[in-house]
Amino acid sequence: MIRRFESQAPWWSPRLPAQSAEAPRRDHGRNRARGWLLVALITALALAWTAYRWLGRPAWFAWLAPERQQLIVMVETAALATLAIVWAGLWWHAQRREQKRRLAGEREISLPELFALSPAAFERYVGGLFAAKGYRVRRRGGSGDQGVDLELADGLGRRAIVQCKRYQHTVGADVVRELFGTLVHEGVNHAFLVTTAEISESARTWAAGKPLTLIDGYTLVAIAARLDES
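A brief structural summary. (Residues numbered from 1 in each chain as written. Predicted model: local features only at pLDDT ≥ 70, side-chain atom pairs only at ≥ 80, totals over all residues. Heavy atoms only, no water.)

Moving on, we come to helix H5 (residues 119-132). In a regular helix each residue adds 1.5 Å, so 14 residues correspond to 20 Å; H5 covers 20 Å between its end C-alpha atoms and thus fits that length. With respect to burial, H5 is a largely interior element, eleven of its 14 residues being buried. Buried within H5 we find Ala121, Phe122, Glu123, Tyr125, Val126, Gly127, Gly128, Leu129, Phe130, Ala131 and Ala132. Immediately beyond the C-terminal end of H5, within one or two residues, lies Gly134, with a positive phi of roughly 95 degrees. (Helix = DSSP H or I, 4+ residues; strand = E, 2+ residues; numbered from the N terminus. Expected span 1.5 Å × (residues − 1). Buried < 20%, exposed > 50% of the residue type's maximum accessible area, 1.4 Å probe, protein only.)

Right, let's talk about the nonpolar core for a bit. Among the nonpolar cores identified, the biggest contains 23 residues, and Leu114, Tyr125, Val126, Phe130, Val162, Val194 and Leu220 are the most heavily contacted of them. Those elements that provide at least two residues to this core are helix H4 (111-116), H5, strand S2 (150-153), strand S3 (159-165), strand S4 (190-195) and helix H8 (217-229). Looking at which element gives the most residues to this core, the answer is H5, with six residues. If near-sequence neighbours (up to four positions away) are discounted, Val162 is found in contact with Val126, Phe130, Val148, Asp149, Leu150, Leu152, Phe192 and Val194. One finds Val171, Val175, Ala197 and Ile199 within the second-largest nonpolar core, a separate group that totals 17 residues. (Core = buried A, V, L, I, M, F, W, Y, C linked by side-chain atoms within 4.5 Å. Contact = heavy atoms within 4.5 Å.)

On to the environment of Glu151. Position of Glu151 among the secondary structure elements: in strand S2. On the accessibility criterion, Glu151 (14% relative accessible area) is buried. Here the alpha-carbon distance between Glu151 and Val137, two residues 14 residues apart in the chain, equals 5.8 Å. In this structure Glu151 touches Arg136, Val137, Arg138, Arg140, Arg159 and Ala160, once residues within four positions along its chain are discounted.

What you tend to see is this: most non-glycine residues have negative phi, and most peptide bonds are trans. Located in the positive-phi region is Arg57, a residue other than glycine, with phi close to 45 degrees. Mapped onto the elements, Arg57 comes out in the loop between helix H1 (22-55) and helix H2 (59-63). Here Arg57 falls in the exposed class, since its relative accessible area comes to 66%.

This is the structure in structure tokens:
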């Protein structure tokens, strides 16, 4: 029995209109910038207070009871330690985003630009997106590929195949049926159909309940935008 490729968990979204992908990305970028600004402001206030308290040595501090002095020192230490952890987390997240960009290469690409890619370039582009999500990717496109353009493996060693269709006409159920046959022949857990075109309702209906994921052109553009947000 063929098991579902559980690592498919939703790194794509339901189909989005092409124009809707940009707005969430802008909102996410603004929210990220506000977060950095807020942390920077809090850090500046904490450093200003530390400089005032430790370098200025205000007279009022010496008048406080020893237990209150100790409490203030504990709060200062905890605040600085927390800010150090927050900045380390922000740095790690920024490094992770940069690593994803390097893995996926140039992802900011429109649907017309996807149409303009050669079949080999389109396969490399799609492979970069899967690599950015942590899959191990091996290209198999070419003569004798048995309908498999990319072979994937997740962290648990489960295998999947990807068929890349740089089409402009609607993909029908016959293509999906052939892909399912290839999945059975290859003995893998899951199969992905990634295309620049529309996918017919009959194809989606036929794929329902099977270990198949169908990604049309609009969704592919949205996936790339969402990867840049993470």
